[in-house]
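Below are the chains, spelled out letter by letter.
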Amino acid sequence: MSSRKEQKEQARLEREAKQQELAAQAQRSRRMKVIGGVLGLAAVAVLVAVVISTSGGGGGTASGTEVDEVNSQLEGIPQNGITLGEENAPATMVEFADLKCPFCAEFATDGLPTIIEDYVRSGKVKIEFRNLTFLDQATEGTDDSTNAAKFAQATGLQNKLWNFVDLFYLQQEAENTVFATEDFLRNVGSQVPGLDVDKAWADRDDPKVQEELDLADEIFNREGLSGTPSFLVGPSDGTLEQVTINDLSDPTPLINAIEAAQE
Amino acid sequence: MTDRRLGRAIAIICVLGIGVAGYLTYNKIAGGKIACPVGGTGCTIVQKSDYAEFAGIPVPYLGLFGWISILLTLLIPGDIGRAATAMLGVFGFLFSMYLTYLELFVIDAICQWCVANAILMTLLAIVAMTRLWRYQPPPASTLQG
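Participant: Account for the overall build of chain B, with residues named and values stated.
Facilitator: Regarding its fold elements, chain B presents 6 helices and 2 strands. When the elements of chain B are put in sequence order from the N terminus, they spell out α-α-β-β-α-α-α-α. Split into buried and exposed, the 145 residues of chain B put 39% on the buried side. For chain B, contacts bridging at least 24 residues in sequence account for 74% of all contacts bridging at least 6.

Participant: Now, about the interface of chain B and chain A: what can you tell me, with residues and values included?
Facilitator: Taken together, the 25 residues of chain B in the interface contact 27 residues of chain A. The set of elements that each furnish at least two residues to the side of chain B that touches chain A consists of α2 (42-47), β1 (53-54), α4 (78-107) and α5 (112-134) of chain B. By residue number, the principal contributor to the side of chain B that touches chain A is α4(B), which donates 10 residues. The class makeup of the residues in the side of chain B that touches chain A is 15 nonpolar, 4 polar and 6 charged.

Participant: Break down the confidence of the model for chain B for me, citing the residues and quoting the values.
Facilitator: The predicted structure's coordinates, where accompanied by low pLDDT, should not be read in detail. Residues and elements named next belong to chain B. Looking at chain B as a whole, the pLDDT averages 84, with 83% of positions reaching at least 70. The secondary-structure element of chain B with the lowest mean pLDDT is helix α6 (residues 140-144), recorded at 48, while helix α3 (residues 59-73) shows the highest, at 94. Taken over the whole predicted complex, pTM reads 0.56, whereas the ipTM for its chain interfaces reads 0.77.

Participant: Run through the sheet that holds strand β3 (residues 91-98) of chain A, naming residues and quoting values.
Facilitator: Strand order in the open sheet formed by 6 strands is β1-β2-β4-β3-β5-β6 (chain A), with mixed pairing between adjacent strands. Looking at the sheet topology across the chains shown, the edges are occupied by β1 (79-80) and β6 (241-243) of chain A.

Participant: Got a sec to walk through the environment of A:G224? Specific residues and values, please.
Facilitator: Checked against the element boundaries, A:G224 lands in the loop between α9 (207-222) and β5 (230-235). The spacing of A:G224 and A:Q242 is 18 residues in sequence and 9.5 Å in space, taken between C-alpha atoms.

Participant: So what's going on with the pairing of β3(A)? Residues and values would help.
Facilitator: All names here are of chain A. For β3, the buried fraction is high: 8 of the 8 residues fall into the buried class. The side-chain alternation of β3 yields two buried faces, one formed by A91, M93, E95 and A97 and the other by T92, V94, F96 and D98. Pairing of β3 with strand β4 (residues 125-132), which is carried by 8 bridges, proceeds in the parallel orientation. Bridge pairing in β4 places A97 opposite N131. Read from β3 through helix α3 (residues 102-120) to β4, the crossover connection turns out right-handed. Taken together, the 6 bridges between β3 and β5 define a ladder with antiparallel strand orientation. Note that in β5 the partner of M93 across the bridge is V233.

Participant: Lay out the packing of helix α1 (residues 3-30) of chain B against α3(B) with the relevant residues and their values.
Facilitator: All names here are of chain B. At a minimum axis distance of 8 Å, the contact between α1 and α3 shows a crossing angle of 155°. Viewed along their axes, α1 and α3 adopt a mutual orientation that is roughly antiparallel. Our pair here, α1 against α3, has a crossing hand that is left-handed. Residue-level inspection shows A11, C14, G17, I18, A21, G22, L24, T25 and K28 of α1 in contact with α3, the latter providing P60, Y61, G63, L64, W67, I68, I70 and L71. Looking at the contact of α1 with α3 residue by residue, the classes come out as 12 nonpolar, 4 polar and 1 charged.

Definitions and cut-offs
Residues numbered from 1 in each chain as written. Chains lettered and ligands numbered in written order. Predicted model: local features only at pLDDT ≥ 70, side-chain atom pairs only at ≥ 80, totals over all residues. Helix = DSSP H or I, 4+ residues; strand = E, 2+ residues; numbered from the N terminus. Buried ≥ 20, exposed ≤ 12 C-beta atoms within 10 Å, placed from the backbone. Contact = placed C-beta atoms within 7 Å. Nonpolar A, V, L, I, M, F, W, Y, C, P; charged D, E, K, R; others polar. pLDDT = per-residue confidence, 0-100. Pairing = 2+ DSSP bridges. Right-handed = clockwise from strand over helix to strand, strands pointing away. Axes fitted to C-alpha atoms, helices over the stretch in contact; angles between N-to-C directions. Parallel < 35°, antiparallel > 145°, perpendicular 65-115°, else oblique. Left-handed = near helix turned anticlockwise from the far one by under 90°.

In structure tokens, the structure reads:
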């Protein structure tokens, strides 16, 4: 009797152990399925995100509102070649910049608007845009900076350079990429009110365009400047001095120099 | 580490992530200049690159939304909540690896805030997966009782 009872007990224990093992197996299997599902879903979601990131969006385009904002910022201010502002303004500010330089774009969007609104529009200062192309040397195998600069100077022949430059900066792409293609330049040019884009494209070969670029290089080297953006500020009938700014969104040092040049 | 502790660790990582993404979002909205924590210009270059927006939405906004979403999944009980946290964590980790690849090999500049975010996301993915792996559902008898 005792032996039968023991056998039954043994069988019960074995059954329970087997059930526990089956339950543990089921739980492991379920857990693996959940983890597999989590990893699979995450991987698919990332793949979709990467495809969206590489196929759409990106830079090189600006909304109509942004384009309007840039153009309205310059509306009503006289332009003559590379100069923005009244010809007889008491102060002159010269900016040396490369259209592919991200810091120049930062200054154009964050620091310059205050100067344009408060000092250029009121006739206190005129600004010259001296276009450099040194980033072509920094990025081997490209003449992107030169292409952009030539087109910008050509828009200056129609007195539209400042609109083009600010719109270019608005849509500037990564410094180490080649983006200033004919399509890109024409597209930015088409956003400038009143610009004859075909004429500007043809005018890139005008000798005056290369003369301006050579002159920008010459002044930059003569003044011993380095890096972009660099600035010279002073009285229009006097000597211009270099002014450096540490924060591209804070034009206070330039404003101080403009104020000083009024006296 | 117990399940509760792992949950707390996730919450702390999320708060730190919200801090990083929140600073970048605030800067984007306020139009200010991003200060690189240890200097350099990488943050500005990355901020101005083609990849600063994803499908037209600034990446910092997506980051902030992501961190808040992960934090909220901690409120979902059971397996589903743990799976949701882990799924978002792994997604965030893989996506931040993709963004780091872009910084290193496409944009050619490193944003220290993005690196901080990537490190936090990596930690989060590890902790969230550990939490999911270790989770033991309550015995059936407890549920029935």
